[in-house]
Amino acid sequence: MMKKFEYCFLCSGVLVGQQVTKIQTWKGELVGIIENVPAWVCNQCGERYYDAPTLEKIDVLLSKREQPKKNLIVPAYEF
Ligand SMILES: [Zn+2]
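Calculation criteria
- Residues numbered from 1 in each chain as written.
- Predicted model: local features only at pLDDT ≥ 70, side-chain atom pairs only at ≥ 80, totals over all residues.
- Heavy atoms only, no water.
- Phe/Tyr/Trp six-rings, centres within 6.5 Å; stacked < 30°, edge-to-face > 60°.
- Helix = DSSP H or I, 4+ residues; strand = E, 2+ residues; numbered from the N terminus.
- Donors = N, O, S within 2.8 Å, 3.2 Å for Na, K, Ca; no water.
- Tetrahedral: all angles 85-135°; square planar, octahedral: opposite > 155°, others 65-115°.
- Patch = residues over 30% accessible without salt bridge, like charges linked within 9 Å, V, L, I, M, F, W, Y side chains within 5 Å.
- Areas by Shrake-Rupley, 256 points an atom, 1.4 Å probe, with all protein chains shown as cover.
- Salt bridge = Lys/Arg side-chain N within 4 Å of Asp/Glu carboxyl O.
- Buried < 20%, exposed > 50% of the residue type's maximum accessible area, 1.4 Å probe, protein only.
- Contact = heavy atoms within 4.5 Å.

1. Overview of the packing of aromatic side chains
Moving on, step 1. Enumeration over the complete set of coordinates arrives at one aromatic pair.
Moving on, step 2. Both rings, one in phenylalanine 9 and one in tyrosine 49, keep their centres 5.5 Å apart while their planes meet at 80°; by these two values the pair is edge-to-face. Of this pair, phenylalanine 9 sits in the segment before β1 (15–26) while tyrosine 49 sits in strand β3 (residues 48–49), and the two are 40 residues apart along the sequence.

2. Details of the coordination of the zinc ion
Moving on, step 1. Coordination sphere of the zinc ion, protein contribution only: Cys8 (SG), Cys11 (SG), Cys42 (SG) and Cys45 (SG), at 2.2 to 2.4 Å.
Moving on, step 2. Metal-centred angles of 98 to 118° between the four donor atoms at the zinc ion mark the site as tetrahedral.
Moving on, step 3. Along the chain, the residues donating to the zinc ion fall in the pattern C-x2-C-x30-C-x2-C. In this pair, cysteine 8 sits in the segment before β1 while cysteine 45 sits in the loop between β2 (29–42) and β3, placing the two residues 37 residues apart along the sequence.

3. Section: a nonpolar patch on the surface
Moving on, step 1. A contiguous nonpolar patch, built from Ile23, Leu30, Ile33, Leu72 and Val74 and spanning about 440 Å² of accessible area, is present on the exposed surface.
Moving on, step 2. Residue placement: valine 74 occurs in the segment after α1 (52–64).
Moving on, step 3. Taking relative accessible area as the criterion, valine 74 reaches 45% and is therefore assigned partly exposed.

4. Here's the deal with the environment of valine 14
Moving on, step 1. Here valine 14 shows up in the segment before β1.
Moving on, step 2. Taking relative accessible area as the criterion, valine 14 reaches 38% and is therefore assigned partly exposed.
Moving on, step 3. In this structure the C-alpha to C-alpha distance between valine 14 and cysteine 42, which are 28 residues apart in sequence, comes to 5.6 Å.
Moving on, step 4. Apart from the residues within four sequence positions on either side, valine 14 is in contact with Glu6, Tyr7, Val41, Cys42 and Asn43.

5. A word on the pattern of salt bridges
Moving on, step 1. Counted by the stated rule, this structure contains two salt bridges.
Moving on, step 2. Across the salt bridge formed by glutamate 35 and lysine 69, the nearest N and O atoms sit 2.7 Å from each other. Note that glutamate 35 is positioned in strand β2 and lysine 69 in the segment after α1, a separation of 34 residues in sequence.
Moving on, step 3. Residue classification places glutamate 35 among the partly exposed positions, given a relative accessible area of 32%.
Moving on, step 4. Judged by its relative accessible area of 68%, lysine 69 falls in the exposed class.
Moving on, step 5. Salt bridges linked by common partners bring Glu35, Lys69 and Lys70 together as one network.

What follows is the structure, given as structure tokens:
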């Protein structure tokens, strides 16, 4: 993966390449959780940045509506 970003736009922290679990929502509804997504994570504030091809792949994954690897039941709370 090419390093497109070096520093966090929010706090200027250093971005570190990590595999994260991305929670994808659409109009307030949870549409899917994608595991092991490559991301750049700020070492100060935790903000995540994704490469364009990564976001495209997520779109494809969700739009194909393939059988997911597993289904989760996730409790949701109002803060
Ligand atoms: Zn930051």
